[in-house]
Amino acid sequence: MSFHIRDRYLYCEGINVKDLQNAVQNSPFYLYSAAQLRANVAAYAEALAGLPARISYAVKANGNLTLLRILRNLGCGATLVSGNELRLALLAGFDPADMMFNGNGKRRDEVALAVQHGVTVNIDSEFDLEHIAAASHAAAARGAARPVDVLLRVNPDIRPDVHPYVATGMRDSKFGIRAEQLPWFLDRLKGEPLLRLVGLHCHLGSTIKDVQVFHDATILMGDLTSSIRQQGFELRYLNLGGGLGIDYERTGEMPTPQALLDALRGQLPDDLTLIVEPGRSIVGNAGVLICCVTGVKRNGDKHFIVTDGSMAALIRPALYSAYHQIGFVEPVNGEPRVFDIVGPVCESADFLGKARMLPTPHEDTGLVVYDAGAYGYAMSSSYNLQLRPAEYLVDGDRVMQIRRAETFEDVALAQSPLSVIMPQ
Ligand SMILES: Cc1ncc(COP(=O)(O)O)c(C=O)c1O
């Protein structure tokens, strides 16, 4: 079991989290369970067993180097959305042949890096195609005449039932190419022998609970694949992106990777290799944010638990009104009340949870925000000079620090010395 309560204390695998909190004195911090990470990858591997398929973990969800190395050792590839993520994936030991470079705003230097390493690149727009073509010509001029494998990212015009900020495949979204614009791309690719179109890609969005949308996308993408093949392109891959939700609300009803695959079954052309790009469903429930209670406050009949964790450490509640389950890491016996759980940041959006019935804690009580492993640290900031937290990993009875906390010097010294740029 990864995160569980035993004798009213929170455990991560074999570790009592209160003991860890006392030992590190480094609040707030992120804590991950290696066992949960392995179990999440195993759930995908079992669902995909027997199919020509690849798991390409979306590094954007959590780019901790140690976690990336674990995922690489478990056989995952890496989906990247920036040149720096590509560099990180190389550091983590991913083979460039197992990387996909995605994104609607790749810069020319980032495209050149991907081409240099032989990474498969997704085409998202006309300018993106031109940049990739230019990078392939530049590489050829330097004597590296290997064609660049590319996928066309299709905008499938499918609306999943998710927060609009995490829906990415709708008609008016900034991502991908609308089906009616594909002929221009196909014509252009016919004139570019250094670009080899090997498949199609789409990504519907994130936190998806209803797998029917994946079924619809597979039919659409299967049809597009057939018609593009008729024009002589040898498509080998169908990349359906990521997006499977996790059970933040603890309803017990969230679809599993198996349910996702069941929704696709029968619709997938069998001569295509399926690529899935999960992020959240790999790391989300494998991580928690551990905070300390700074104090309890009453404003009239409204009650607050103020913690040292904030929107700077975990922005999902402020950004998407996202729900995370919240509890304590140790026994708390104070009077039960309805609390908002808030941080110290000078914004009214700075909350971790609203209207939660909890016993009244003491100062310094340990508090846990569950399911914070995805888009938690990855989206953290040092707003209000709240320094980005440390990260720890539990594997059985062992705890490792896998990232140090940001320091005041990290933030303050990046601002100096100031140099004069103009006039020279
Ligand atoms: C192209 C692409 N693939 C995969 C993902 C990962 O999505 P999720 O974390 O919801 O699985 C994202 C994130 O939105 C994405 O943009």
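Just so you know, these numbers come straight off a predicted model, no measurement behind them.

What about the domain arrangement of the protein chain?
One can read the domain layout of the protein chain as domain 1 (3-32 + 285-407) and domain 2 (103-276). In this structure, domain 1 and domain 2 have C-alpha centres spaced 36 Å apart. Across the boundary between the two partners, domain 1 contributes 10 residues, which contact 10 residues of domain 2. Summed over both partners, the interface of domain 1 with domain 2 comes to about 860 Å²; 54% of that surface belongs to carbon and sulfur atoms. On the domain 1 side of the interface with domain 2, the three residues burying the most area are Tyr-320, Tyr-323 and Asp-371, jointly 54% of the side's total. We note a salt bridge from Arg-250 to Asp-371, for which the minimum N-O separation is 3.0 Å. The tally of links between domain 1 and domain 2 comes to two residue pairs in polar contact (both at pLDDT 80 or more).

What about the sheet that holds strand S2 (residues 9-12)?
Taken in spatial order, the three strands of this open sheet run S1-S2-S3, and their pairing is antiparallel. The two strands at the open ends of the sheet, each matched to only one other strand, are strand S1 (3-6) and strand S3 (15-16). Strand direction decides the pairing type here: S1 and S2, joined by four bridges, are antiparallel. Considered in S2, the bridge of His-4 is made with Tyr-11.

Some details on the packing of helix H4 (residues 83-91) against helix H5 (residues 108-117)
Direction vectors running N to C along H4 and H5 enclose 30°, while the axes themselves pass 9 Å from each other. Looking at the two axes, H4 sits roughly parallel to H5. Residue-level contacts link Gly-83, Leu-86, Arg-87 and Leu-90 of H4 to Glu-110, Leu-113, Ala-114 and His-117 of H5. Split into classes, the residues belonging to the contact of H4 with H5 amount to four nonpolar, two polar and two charged.

Some points on empty space enclosed by the protein
For the structure shown, the criterion picks out one cavity of 30 Å³ or more. Each pocket or cavity is described by its volume, and for the largest cavity that value is around 70 Å³. In terms of lining residues, the largest cavity is bounded by Tyr-44, Phe-214, Leu-240, Gly-241, Gly-242, Leu-244, Leu-260, Leu-264, Val-276, Glu-277 and Pro-278. Tallied by class, residues from the lining of the largest cavity come to eight nonpolar, two polar and one charged.

Things to note about the site of the ligand
In the neighbourhood of the ligand, 14 residues make up the surrounding shell, with Lys-60, Asn-102, Ser-206, Arg-280 and Tyr-375 lying closest. In the environment of the ligand, an oxygen atom lies 2.9 Å from a nitrogen or oxygen atom belonging to the backbone of Gly-243. Measuring from an oxygen atom of the ligand, one finds a side-chain N or O atom of Tyr-375 at 2.6 Å. In the complex, 95% of the free accessible area of the ligand, which totals 400 Å², lies under the protein chains. Applying the majority rule of atoms within 2 Å of the grid points places the ligand in the largest pocket. Across the shell around the ligand, the residue classes break down as three nonpolar, seven polar and four charged.

Observations concerning helix H2 (residues 34-48)
Taking 1.5 Å per residue, 15 residues should reach 21 Å; H2 reaches 21 Å between its end C-alpha atoms and fits that length. Within H2 the residues assigned to the buried category are Ala-34, Gln-36, Leu-37, Asn-40, Val-41, Tyr-44, Ala-47 and Leu-48. Directly after H2, the chain includes Gly-50, whose backbone phi takes a positive value near 90°.

Conventions used here
Residues numbered from 1 in each chain as written. Predicted model: local features only at pLDDT ≥ 70, side-chain atom pairs only at ≥ 80, totals over all residues. Heavy atoms only, no water. Domains from an automatic or database assignment. Contact = heavy atoms within 4.5 Å. Buried area = accessible area lost by both parts, 1.4 Å probe. Salt bridge = Lys/Arg side-chain N within 4 Å of Asp/Glu carboxyl O. Polar contact = N/O pair within 3.5 Å; in protein donor to acceptor, adjacent residues only side chain to side chain. Pairing = 2+ DSSP bridges. Helix = DSSP H or I, 4+ residues; strand = E, 2+ residues; numbered from the N terminus. Axes fitted to C-alpha atoms, helices over the stretch in contact; angles between N-to-C directions. Parallel < 35°, antiparallel > 145°, perpendicular 65-115°, else oblique. Nonpolar A, V, L, I, M, F, W, Y, C, P; charged D, E, K, R; others polar. 1 Å grid on protein atoms, 1.4 Å probe; cavity = no way out; pocket = protein on both sides within 12 Å on 5 of 7 lines; lining within 4 Å. Points joined across faces, edges and corners; volume = space filled by probe spheres on them. Near = heavy atom within 4 Å. Areas by Shrake-Rupley, 256 points an atom, 1.4 Å probe, with all protein chains shown as cover. Sits in = over half its atoms within 2 Å of the grid points. Expected span 1.5 Å × (residues − 1). Buried < 20%, exposed > 50% of the residue type's maximum accessible area, 1.4 Å probe, protein only.

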